[in-house]
Structures are given as structure tokens and as C-alpha cells.
Amino acid sequence: MDSHSRAVAYLKVLMPLAALALMSTLFLISRGSNTEAVIPFAQKEIEDRMKGQQVTAPFFSGTTAQGDEIMVSAALARPGGADAPAVASEVSANFRLARGGRITLASQTGSIQPGQATAEFTGGVTITSTQGLIVETETLNAALDGLEASSPGPVQATGPLGQLTAGNMRISSESEDGTVHMLFKNGVKLIYDPQQPER
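Residues numbered from 1 in each chain as written. Predicted model: local features only at pLDDT ≥ 70, side-chain atom pairs only at ≥ 80, totals over all residues. Heavy atoms only, no water.

Undergrad: So what's going on with the overall build of the chain? Residues and values would help.
TA: Broken down by element type, the chain carries 2 helices and 14 strands. Here the chain holds 199 residues, and the buried ones make up 24% of them. By sequence separation, contacts in the chain at least 24 residues apart represent 32% of the contacts at least 6 residues apart. Accessible surface, the chain: about 13,700 Å² in total, of which carbon and sulfur atoms supply 58%. (Helix = DSSP H or I, 4+ residues; strand = E, 2+ residues; numbered from the N terminus. Buried < 20%, exposed > 50% of the residue type's maximum accessible area, 1.4 Å probe, protein only. Contact = heavy atoms within 4.5 Å. Areas by Shrake-Rupley, 256 points an atom, 1.4 Å probe, with all protein chains shown as cover.)

Undergrad: So what's going on with the nonpolar core? Residues and values would help.
TA: Counting 27 residues, the largest nonpolar core has Phe95, Leu105, Phe121, Ile127, Leu140, Met169 and Phe184 as its most contacted members. Counting only elements with at least two residues in this core, the list comes to β5 (86–96), β6 (102–113), β7 (118–129), β8 (134–143), β10 (155–159), β11 (162–166) and β12 (168–172). Not counting the four nearest positions on each side in its chain, phenylalanine 95 is found in contact with Glu69, Ile70, Gly101, Arg102, Ile103, Leu105 and Leu147. (Core = buried A, V, L, I, M, F, W, Y, C linked by side-chain atoms within 4.5 Å.)

Undergrad: Outline the side chain of serine 129, listing residues and values.
TA: As for its placement among the helices and strands, serine 129 is situated in strand β7. The class for serine 129 is buried, based on a relative accessible area of 10%. Those residues in contact with serine 129 that lie beyond four places of it in its chain are Arg102, Ile103 and Met182.

Undergrad: I'd love a proper account of the environment of glycine 123, names of residues and values included.
TA: The topology assignment puts glycine 123 in strand β7. With sequence-adjacent residues up to four places away left out, glycine 123 is seen in contact with Ser107, Gln108 and Glu138.

Undergrad: So what's going on with the pairing of β5? Residues and values would help.
TA: One ladder, built from 5 bridges, connects strand β3 (residues 69–73) with β5; its direction is antiparallel. Bridge pairing in β5 links valine 72 to alanine 93. In the sheet, strand β4 (residues 76–78) pairs with β5 via 3 bridges, with the strands oriented antiparallel. Looking across to β5, one finds that leucine 76 is bridged to serine 89. In this antiparallel pair of consecutive strands, β5 and β6, the connection spans 5 residues, and glycine 100 shows a positive phi of 100 degrees. (Pairing = 2+ DSSP bridges.)

Undergrad: Can you tell me about unusual backbone geometry, naming the residues and giving the values?
TA: With the exception of glycine, most residues fall at negative phi, and the peptide bonds are largely trans. At alanine 57, a residue that is not glycine, the phi angle is positive and equals roughly 55 degrees. With a phi angle near 65 degrees, asparagine 186 is a residue other than glycine that sits in the positive phi range. Within the secondary structure layout, asparagine 186 lies in the loop between β13 (181–185) and β14 (189–192). According to the relative accessible area criterion, asparagine 186 is exposed, its value standing at 56%.

Undergrad: An account of a nonpolar patch on the surface is needed here, citing residue identities and associated values.
TA: A cluster of nonpolar side chains, namely Leu161, Leu190 and Tyr192, defines an oily patch on the protein surface of about 290 Å² accessible area. Looking at the element boundaries, leucine 190 is found in strand β14. Look at leucine 190 and you get partly exposed, because its relative accessible area is 45%. (Patch = residues over 30% accessible without salt bridge, like charges linked within 9 Å, V, L, I, M, F, W, Y side chains within 5 Å. Salt bridge = Lys/Arg side-chain N within 4 Å of Asp/Glu carboxyl O.)

Laid out in C-alpha cells, this is it:
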């Protein structure tokens, strides 16, 4: 066997070995560059998820007997139990009225009592109507089977006529034509603003 044949024989053995050595080095370098996996959740989020079941971005929609459309969404919801209602955070609701107009609602938290067909919105509740009325209160109790709601505590409102305060408020559609009304009661005070355009 001449020197050329010997060199070829050696290269046939050395080349695969060198390739294996290079490949193993690449894998070792890639593993060593990121020894800790990055978890895309903050520690508090992991702890919250471990405490109980939850649903991210839940959404509910339905229609009342009068034809009003109801759409409710939240950032996060936790199912209730035998002694506790289901609770949601960053709640927003949109009521598209069958006779025209719209009412929107936003609150920090909300809870549902399915057995009683009621919901409670709490914490910075803001109600806005297409007529330009903006109502703020801390608690709003609402029915799940129709457009019926009431605020047991004080409310503040701003609208086309000016600023209004009252001890409580009720939203209902009990009139014969099915029109939705907001009724303010208990020490109603209106500060009329003549610069606001009347509607």
C-alpha cells in the first residue's frame, strides 16, 4: 500500500471522528449558553394560578325577552363554590337596547349568583349612556334575566344638564313601551350647567 492509499484510509477514519467532535462541541456550547429556562410568568402570577382555577378573558353574551343584547367580558374570572359566588376582575358590559341606544358599564370586580339570577358589580362602577350621561357609584346590583339594576349607595352623574348627585339609583324597563329609564332617588341634587347643550 503506497502513502497515498494510507492517507486516504486514515482520513476515512479521522473525518467522521472530527465531525462527531464538532457536533458534540456545538451541543455543549448551546446548552451552556442558557442554563436557566425563562418562564413567561411573574412569580405572583404563578402563585395566583396555583391557588385555584381561573379563566382568562371570559366572555358572555345573551338577549333579554325584550330583545336587548347583553355582552359582558372580564380580564380574569374564578369559579365560585357552594358558599362563594364566581368572581371576575376588570369587568366591562355592553347593553345594546332593542329600541335604540346603548349603555356601557365598567367596574373593578364583579360576582355572580346564578341561583338568584343576580350579579353584583363593585369598585369604581361607571355607567355610560348614549345620551351623554355618565354615572359613577361603588356598587351596582343587576338582574341576569333583564335590564334591571340598582345602586344601594350614593351615585354621582354628569350629563347634558350638568352634575347630579343622589342617594341611590335604579335602572329599569318597566314602562309599557319597554324604554329603559334611570331613576335617581333619595336626596337628588342637580347643579344645572347652562353651557351644556340640551338634548
